[in-house]
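# Architecture and fold: a report
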Amino acid sequence: MKKLIFATGNQGKLREIREIMGDLGMEILSTKEAGIDLSVEENGTTFRENAVIKASACAAALPSDMDAIVMADDSGLEVDALNKEPGVYSARYMGEDTSYRIKNRNLVERLEGVPVEKRTARFVCAIAAATKDGQVFTTEGTIEGKIGYEERGENGFGYDPIFYLPDMSRTTAELSPEEKNAISHRGNALRAMKEIIRSNLKK
Ligand code: IMP
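A short tour of the structure in this document, coming up. Numbering of residues starts from 1 in every chain and runs along the sequence as written. Totals for whole chains, interfaces and linings use all residues, but because this is a predicted model, local features are given only for residues with pLDDT of at least 70 and pairs of side-chain atoms are given and counted only at 80 or more. Only hydrogens and water are set aside; all other atoms, that is, all heavy atoms of the structure, feed into the side-chain values.

A ring pair, where both rings are aromatic, is described by two values, the distance of the centres and the angle of the planes. In this scheme Phe, Tyr and Trp rings, the latter by its six-membered ring, pair at centre separations within 6.5 Å, and the angle between planes marks the pair as stacked below 30 degrees, edge-to-face above 60, and tilted otherwise. Following the criterion strictly, the structure yields 2 aromatic pairs and no others. Look at tyrosine 100 and tyrosine 159: their rings are 5.0 Å apart centre to centre, the planes differ by 90°, and that puts the pair in the edge-to-face class. Placement of tyrosine 100 in helix α3 (residues 100-110) and of tyrosine 159 in the loop between β6 (136-147) and β7 (163-165) is noted, with a sequence separation of 59 residues between them. Here phenylalanine 123 and phenylalanine 163 contribute two aromatic rings whose centre-to-centre distance is 4.3 Å and whose plane-to-plane angle is 35°, an arrangement assigned as tilted. Each helix is a run of H or I in the DSSP string that is no shorter than four residues. Each strand is a run of E no shorter than two, and both are numbered from the N terminus.

Have a look at this one:
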């Protein structure tokens, strides 16, 4: 069976991928489970570039007898009133080890005085799928929202407590995992990639 390897150590992402991609009929593994141990520097300037850098580097490191597609993602938050910061630096914003309570409070403080209609923001997720013979496909998914005035909700991770969805009157940290996956940037990018794999890469 052809393998679908996802370059992540994040169990939450793997669970979501297994839920969305499960019906492709491929074996889904993390890079670690596939025996690939590679640290790749994310030095691209766009989400798409970073996803391609990671997926291509891991695909090039595949054992020659392994029939597999390697997928990688890169994601983050773009705040329009802050020139799309933190963007590709979302994980590294204020330092990788700084808590999200502090990062979220800092973003809310930086938006002090910004009226609700200018607090627009989005989560973006780019996914790349690469093969050993150099084929690369990419997809991108987004979810639009607004930066709230305070943290709300206990679910999710990262910037979820300040990412408010006006249509649902909740932050993404107030959605169940199923509700979030159904509309999220990563869910959308994964669903688009599933169709690409189905029609182009799955032999
Ligand atoms: P990466 O794609 O794993 O490098 O993560 C990028 C960073 O973007 C995460 O560490 C979070 O700070 C942020 N981020 C990406 N997606 C989400 C989301 O769904 N909710 C909250 N924060 C997110």
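Neighbouring residues are identified by heavy atoms, a residue being near a molecule or strand if any of them is within 4 Å of it. In the vicinity of the ligand there are 15 residues, among which Lys13, Ser75, Tyr100, Asp160 and Lys180 approach most closely. Contact distances for the ligand include 2.6 Å between an oxygen atom and a side-chain N or O atom of tyrosine 100. Measuring from a nitrogen atom of the ligand, one finds a side-chain N or O atom of aspartate 160 at 2.9 Å. Contact with the protein chains removes 89% of the 490 Å² of surface that the ligand exposes when unbound. Secondary structure elements with two or more residues in the shell around the ligand: β3 (68-79) and α5 (185-201). For the shell around the ligand, the element with the highest residue contribution is β3, accounting for 3 residues. The residue makeup of the shell around the ligand, split by class, is 5 nonpolar, 5 polar and 5 charged. Definition of a polar contact: a pair of N or O atoms within 3.5 Å, with one able to donate and the other able to accept a hydrogen when the atoms are protein atoms, and with sequence-neighbouring residues admitted only if both atoms are side-chain atoms. Throughout, the Shrake-Rupley method with a 1.4 Å probe supplies accessible areas, and for residues the shown protein chains are the sole cover considered. Residue polarity follows a fixed list, in which Ala, Val, Leu, Ile, Met, Phe, Trp, Tyr, Cys and Pro are nonpolar, Asp, Glu, Lys and Arg are charged, and the others, Gly among them, are polar.

None of the figures reported here should be taken as evidence of function without further support.
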